[in-house]
Amino acid sequence: AATAPRIPPTRLALHHFDVSYSLQLKDLWPSVRAGLLCEQKYGALLNSFSAADHVAQELELLNATDFVSEAPKKAQRSQWGAAAEEAGRGESMSGEGRTVMQAETMTQAEMSLPVRASISSNIKCYTFPRGDITRFRPARPDALGLLDYYLMDAASLLPVLALNVQPDDCVLDLCAAPGGKTLALLQTGLCGHLAANDISISRTKRLYQILHSYVPREIRETVSVTSCDGRDWGQLEGGTFHKVLVDVPCTTDRHSVMEQDNNIFHRRRTKERQMLPMLQLQLLMAGILATKPGGEVVYSTCSLSPLQNEYVIERALEVAETQYNISIHVEDLSHFRTLFQDTFSFFSDCRLGELVLPHLTANFGPMYFCKLRRM
């Protein structure tokens, strides 16, 4: 008897997304779909531990900019413009001197809080402008053998920026491999101690490789790398961390439509895929339990799926309250949309958290992130 033709997992993934995401994203889906199926855009996370001082200059000559430090400046300029325009309307009555003053005080008051709250200025990540598809050269070692930058989806930095690490914070990266976000956390220069965990021993090896390629030994010694099941972390070290990053396994939408290897839409992985929201919830709960009261958790995925994003958050709030008597506050990250609108394309209809959508002119993401505070 003829066997049924094998449908490649990439096609299964795309069919699955066509059905579910067209309902969620409606008119936006065709453009997001095109972005997912085209070459991904990268950012170059500068390695502050490398002695390659010329790198920033070299990237700027290529017309790349550090999107992290540029964002508040751009936001400030646009608010200056808005404030000046507003003040200009009242100019005939108030005289010119007061106009500039009004603009200035408004800018200070409106801009300073969210910007200060969300930007870790030690992180530098260069991206090419919208519509510019220039590729970065491969990273090069400095005199001591440390690589000068790390190429990653620039949207992956947003959860790290949202975590807003403060000096001497005790930080946990619960699902740390392959290591881009762990490296970014170290680039803040603020972690008092960083615990980097991943259940997969093979993926943890990749994490070690990244630490060795980018981080000097004295800094590596402040990082403890473990290979535990993240779901058990709450029992292992409950209530000990100021900040926890929970970057969970997900349907990795871009990978799923592009790569046959290690694809979660492979028929033999159907059960595993269906169980993802449960695993994500368990990991998020472990992250919440690992946090000190007053501490913060950022949950993130590289999926567009509300079942893996908002629904997991909502369920975690419920479970924390009913089973652990823990009250959780969802932090407002809407200022990220204003700050980074020139670099990323954001979905405006997220019920909770923020979602970066792939777009042909800014082909980063998908990246969902949501910040929680344990009360």
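Remember, it's a predicted structure, so these values are computed and weren't measured experimentally.

Reading guide: rules and limits
Residues numbered from 1 in each chain as written. Predicted model: local features only at pLDDT ≥ 70, side-chain atom pairs only at ≥ 80, totals over all residues. Heavy atoms only, no water. Helix = DSSP H or I, 4+ residues; strand = E, 2+ residues; numbered from the N terminus. pLDDT = per-residue confidence, 0-100. Contact = heavy atoms within 4.5 Å. Core = buried A, V, L, I, M, F, W, Y, C linked by side-chain atoms within 4.5 Å. Buried < 20%, exposed > 50% of the residue type's maximum accessible area, 1.4 Å probe, protein only. Phe/Tyr/Trp six-rings, centres within 6.5 Å; stacked < 30°, edge-to-face > 60°. Lys NZ or Arg CZ within 6 Å of the ring centre and 35° of its normal. Expected span 1.5 Å × (residues − 1). Pairing = 2+ DSSP bridges. Right-handed = clockwise from strand over helix to strand, strands pointing away.

Which parts of the structure should I look at to understand unusual backbone geometry?
Residues other than glycine predominantly adopt negative phi, and peptide bonds predominantly adopt the trans conformation. Cis rather than trans, the peptide bond between Ala 177 and Pro 178 has omega equal to 5 degrees. Note on placement: Pro 178 falls in the loop between β5 (169-173) and α8 (180-187). Of the consecutive residues Gly 365 and Pro 366, the connecting peptide bond is found in the cis state with omega at 5 degrees. Here Pro 366 shows up in the loop between β12 (354-357) and β13 (367-374). Despite not being glycine, Lys 26 shows a phi value in the positive range, around 50 degrees. Take Lys 26: it is sitting in the loop between α1 (9-25) and α2 (29-36). For Asn 63, which is not glycine, the phi dihedral falls at a positive 80 degrees. Along the polypeptide, Asn 63 turns up in the loop between α3 (55-61) and β2 (65-66).

How should I be thinking about the confidence of the model for the protein in this particular structure?
One rule of thumb: low pLDDT means the predicted coordinates there are not for detailed reading. On average, the protein scores 90 in pLDDT, and the residues at 70 or more come to 87%. Every residue in residues 92-111 is under pLDDT 50, and counting partners more than four places away or in other chains gives 23 contacts.

I tried to follow the nonpolar core on my own but got confused; where do I start?
Looking at soluble globular proteins, one finds that nonpolar side chains tend to be buried together. Counting residues in hydrophobic clusters, the biggest one holds 49 residues, and the most contacted among them are Leu 284, Ile 288 and Leu 304. If you tally residues by element for this core, the top one is helix α14 (residues 276-290), at 9 residues. Non-local contacts of Leu 284, meaning those with residues more than four positions away in its chain, are made with Val 246, Val 297, Tyr 299, Val 312, Ile 313, Ala 316 and Leu 372. Leu 45, Leu 194, Phe 336 and Phe 346 belong to the second largest nonpolar core, which has 47 residues in total.

Is there a simple way to explain the packing of aromatic side chains in this structure?
We describe a pair of aromatic rings using the distance from one ring centre to the other and the angle between the two ring planes. Taken as a whole, this structure holds 15 aromatic pairs when the rule is applied. Ring centres of Phe 340 and Phe 344 lie 6.5 Å apart, and the angle between their planes is 70 degrees; on these two criteria the pair is classed as edge-to-face. A single burial state applies to Phe 340 and to Phe 344, both of which are buried. An angle of 80 degrees between the planes, with centres 6.3 Å apart, marks the rings of Phe 344 and Phe 346 as edge-to-face. The exposure classification of Phe 344 matches that of Phe 346, with both residues buried. By way of ring pairs, the aromatic residues Phe 67, Phe 336, Phe 340, Phe 344, Phe 346, Phe 364 and Phe 369 are connected into one cluster. Sitting over the face of the ring of Tyr 311, Arg 351 holds its NZ or CZ atom 5.2 Å from the ring centroid.

Before we go on, may I ask you to explain helix α9 (residues 201-214) in this structure?
Residues spaced three or four apart along an α-helix point in a common direction, a consequence of the helix completing one turn every 3.6 residues. Over its 14 residues, α9 runs 20 Å from end to end, which matches the ideal 20 Å to within 8%, given 1.5 Å per residue. Against β4 (149-152), α8, β6 (191-197), α10 (217-220) and β7 (223-226) lie the buried residues of α9.

Can you help me understand the pairing of β5 in this one?
Side-chain direction in a regular strand flips from residue to residue, so the side chains alternate between the two faces of the sheet. Where burial is concerned, most of β5 is hidden: 5 out of the 5 residues are buried. As paired elements, β5 and β6 share 5 bridges and run parallel to each other. Residue Cys 170 lies in a different strand from β6, and its bridge partner there is His 193. Following the backbone out of β5, through α8 and into the adjacent parallel β6, one traces a crossover that is right-handed. In the sheet, β5 pairs with strand β8 (residues 241-247) via 3 bridges, with the strands oriented parallel. Pairing of Asp 173 across the sheet is with Leu 245, part of β8.

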